[in-house]
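Single-letter residue listing:
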2 protein chains.
Amino acid sequence: MAFDTVPTDALDDFLVLANDLADRARPVSMSYFRQPVPIEIKADESPVTRADRETEEAIRELLAKRVPDHGILGEEHGQEGLDRDLVWVIDPIDGTRAFITGTPLFGTLIALAYRGRPVLGIIDMPALNERFVGAVGRPTLFNGKPVPGPRNVTRLADAQFFTTSPDMFQGADRAAMENLSRDCRFRRFGGDCYNYGLIALGGADIVLERDLKPYDFMSLVPVLEGCGASIVDWAGRPLSITSSGQVLATATTELRDASLPYLDRLEP
Amino acid sequence: MAFDTVPTDALDDFLVLANDLADRARPVSMSYFRQPVPIEIKADESPVTRADRETEEAIRELLAKRVPDHGILGEEHGQEGLDRDLVWVIDPIDGTRAFITGTPLFGTLIALAYRGRPVLGIIDMPALNERFVGAVGRPTLFNGKPVPGPRNVTRLADAQFFTTSPDMFQGADRAAMENLSRDCRFRRFGGDCYNYGLIALGGADIVLERDLKPYDFMSLVPVLEGCGASIVDWAGRPLSITSSGQVLATATTELRDASLPYLDRLEP
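Notes on the structure follow. Sequence order as written defines the numbering, with residues in each chain counted from 1. Naming scheme: in the order in which they are written, chains are lettered from A and ligands are numbered from 1. The predicted nature of this model means local features are confined to residues of pLDDT at least 70 and side-chain atom pairs, given and counted, to a pLDDT of 80 or more, with totals for whole chains, interfaces and linings taken over all residues. With hydrogens and water set aside, each side-chain value is computed from the structure's full complement of heavy atoms.

1. Side note on helix α4 (residues 171-182) of chain A
All names here are of chain A.
Piece 1. Each helix is a run of H or I in the DSSP string that is no shorter than four residues. Each strand is a run of E no shorter than two, and both are numbered from the N terminus. One fewer than the residue count of a helix, multiplied by 1.5 Å, yields its expected span. Between its first and last C-alpha, α4 extends 16 Å over 12 residues, near the 16 Å set by a 1.5 Å rise per residue.
Piece 2. Burial status follows relative accessibility: with a 1.4 Å probe on protein chains alone, a residue under 20% of its type maximum counts as buried, one over 50% as exposed, and anything between as partly exposed. For α4, the complete set of buried residues consists of Asp173, Ala176, Met177, Glu178, Leu180 and Ser181.
Piece 3. Looking at the buried side of α4, the elements it contacts are β11 (160-163), β12 (186-189), β13 (206-209) and α8 (253-259). Contacts are assigned to residue pairs with any non-hydrogen atoms lying within 4.5 Å of each other.

2. Quick word on the interface of chain B and chain A
Piece 1. Tallying the contact residues gives 34 residues for chain B and 34 residues for chain A.
Piece 2. Together chain B and chain A conceal approximately 2,500 Å² of surface at their shared face, both sides included; 53% is due to carbon and sulfur atoms.
Piece 3. One side-chain nitrogen of Lys or Arg within 4 Å of one carboxyl oxygen of Asp or Glu is enough to make a salt bridge. Joining chain B to chain A, the criterion identifies 8 salt bridges.
Piece 4. Here Arg188(B) makes a salt bridge to Asp192(A), at a shortest N to O gap of 3.1 Å.
Piece 5. When contributions to the side of chain B that touches chain A are tallied by element, the ones reaching two or more residues are β1 (39-41), α3 (96-100), β11 (160-163), α4 (171-182), β12 (186-189) and α5 (194-200) of chain B. Defined in terms of a 1.4 Å probe, buried area is the accessible area two parts forfeit on being brought together, summed over both.

3. Quick look at the packing of helix α1 (residues 8-32) of chain A against helix α2 (residues 50-66) of chain A
All names here are of chain A.
Piece 1. Axis angles are defined between N-to-C directions and span 0 to 180 degrees, where every axis is a line fitted to C-alpha atoms and, for a helix, only to the segment in contact. At a closest axis distance of 9 Å, the pairing of α1 and α2 adopts a crossing angle of 155°. In terms of axis orientation, α1 runs roughly antiparallel to α2. Considering how the two elements wind past one another, α1 and α2 form a crossing that is right-handed. Counting all contacts with α1, which are made through Val16, Leu17, Asp20, Leu21, Arg24, Ala25, Val28, Ser29 and Tyr32, the residues of α2 involved are Arg50, Ala51, Glu54, Thr55, Ala58, Ile59, Leu62, Leu63 and Arg66.
Piece 2. Of the residues belonging to the contact of α1 with α2, the class tally is 11 nonpolar, 2 polar and 5 charged. Working rule for angles: under 35 degrees goes down as roughly parallel, over 145 as roughly antiparallel, 65 to 115 as roughly perpendicular, anything else as oblique. Here a crossing is taken to be left-handed if its near helix is turned anticlockwise relative to the far helix by less than a right angle, and right-handed if that turn runs clockwise. All residues other than Ala, Val, Leu, Ile, Met, Phe, Trp, Tyr, Cys, Pro, Asp, Glu, Lys and Arg, Gly among them, are scored as polar; the first ten of these are nonpolar and the last four charged.

4. Here's the deal with the packing of aromatic side chains
Piece 1. Within 6.5 Å between ring centres, the rings of Phe, Tyr and Trp (the latter by its six-membered ring) count as paired, and their orientation is classed by plane angle as stacked under 30 degrees, edge-to-face over 60, tilted in between. Within the structure shown, the criterion is met by 15 aromatic pairs over all chains.
Piece 2. Geometrically, the ring pair formed by Phe169(A) and Trp234(A) is stacked, given 6.4 Å between the ring centres and 10° between the ring planes. Here Phe169(A) is found in the loop between β11 and α4, whereas its partner Trp234(A) is found in the loop between β14 (230-233) and β15 (247-250), with 65 residues between them in sequence.
Piece 3. Taking relative accessible area as the criterion, Phe169(A) reaches 1% and is therefore assigned buried.
Piece 4. According to the relative accessible area criterion, Trp234(A) is buried, its value standing at 2%.
Piece 5. Ring geometry for Phe33(B) against Phe106(B): centres 5.1 Å apart, planes inclined by 45°, an arrangement best described as tilted. Taken as a pair, Phe33(B) in the loop between α1 (8-30) and β1 and Phe106(B) in the loop between α3 and β6 (107-114) lie far apart in primary sequence, 73 residues in all. Comparing Phe33(B) with Phe106(B), the two get one shared label, buried.
Piece 6. By way of ring pairs, the aromatic residues Phe33(A), Phe99(A) and Phe106(A) are connected into one cluster.

5. Brief notes about the relation of the copies chain B and chain A
Piece 1. Least-squares fitting of one copy onto the other uses the C-alpha atoms of those residues that reach a pLDDT of at least 70 in both copies. After a rotation of 180° and a shift along the axis of 0.0 Å, chain B superposes on chain A with an RMSD of 0.0 Å. Such a combination of turn and shift is consistent with a two-fold rotation axis. Across chain B, the rotation axis passes nearest the C-alpha of Gly190(B), at a separation of 2.3 Å.
Piece 2. The overlap is high: 100% of the interface residues of chain B also sit at the interface in chain A, so the same surface is used on both sides.

Dropping the structure here:
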């Protein structure tokens, strides 16, 4: 392709497709939610279920039909055509532990990358019937309407800090998380991808996580940037498909700048 | 009263009333959910909102009208007639931090105690549109139907461990929580009262918490006991309105017996 970013008309089409993908995925994941599901432990010890695989398959089938020339990177079924300009990045069930324990905070994450940069992202919450949709240059939508947007919090002492689990952090990373979160108003654990949606809704102010994969973080970028929030790596750089997966999301750039010194030199 | 427990007819009436209380409370708490709410910090540093107070007021008004001779213990507006045989124990918004951050896992907890022992309990989840109802000698209901019930897990190595936050635990308590949770299949943080509902739904297997107040734990007892799960203090004793608030809830008595040795001598 010859353009430097996705043209508006094409983005419109991709937004329709992305919503269709989320619509297609929902009944598949929900058909397994709170049902007995065979669970396997993957090599990295994360639980994977048939629900994850079938949900991704449903998404891939529709992609193959509608945009066979695009690349795909999915958590469960690997990659295809990553050298193409447009690549869909899919996490069929983010928060598998939430999913397998009947907690409604699991999500389906769908992103479109243009030359490695996220240009479109969906955080879909099937059990909550909630959907966040972001696209470059457009206001983030929550269930079809503009999202309230982040809180105007600029000082750590006023910030509500979220991360999925302290177990995500070890050594110097753990110390940084402890120091940063202790300087915040309070901290709360749990939540997976939903924590990022809570920034867009004006609930959470800081989310700090590490070792995320592209299918965990790519969809978050357009959602957060489209409502004025910030999402960067621990060195303060924009996220791309090759980022390390150390993620700092903040309600404001002031909170980003106040948080980054805690993470200094931790980015690999 | 002259009976040793609540007669069946009276329990029927109280169940109707308890559901009415939860129905009355829902629109009050939901009218403040994801809205800007003035937040104060209480003496114990937990955030309290106008939503908490008004939700409890709505419940108290209906109790005063329907059962003016019963006692009441509420989180926000104190106690009244605790020497009476029948006392309602109310937490208008359990999980205030969840509530003020827009997380849908806050609950309204309603219990009825007979001579200090919980005989009826409701865990109502307004933002999820879910309700758990338990009463002594009756099967626990989830949205009006019998709840699936706990998983038949008997070994810690298979158990899914939940607690709201590691920050709840210090010193020897913290070590006990770490040791117990590390011996489980996995652990997950966050969730507040909903974690107990997840036992009844067959998701969580162990929930360990400390320093709960009667309005935090009394409603949980009939919900869990009515579906065959176990809920005791850290010395393995049944919970009553005078319990210390160290709570161990398990899917099975085997998991209870496997967990209690970790908590030995920690109960005050």
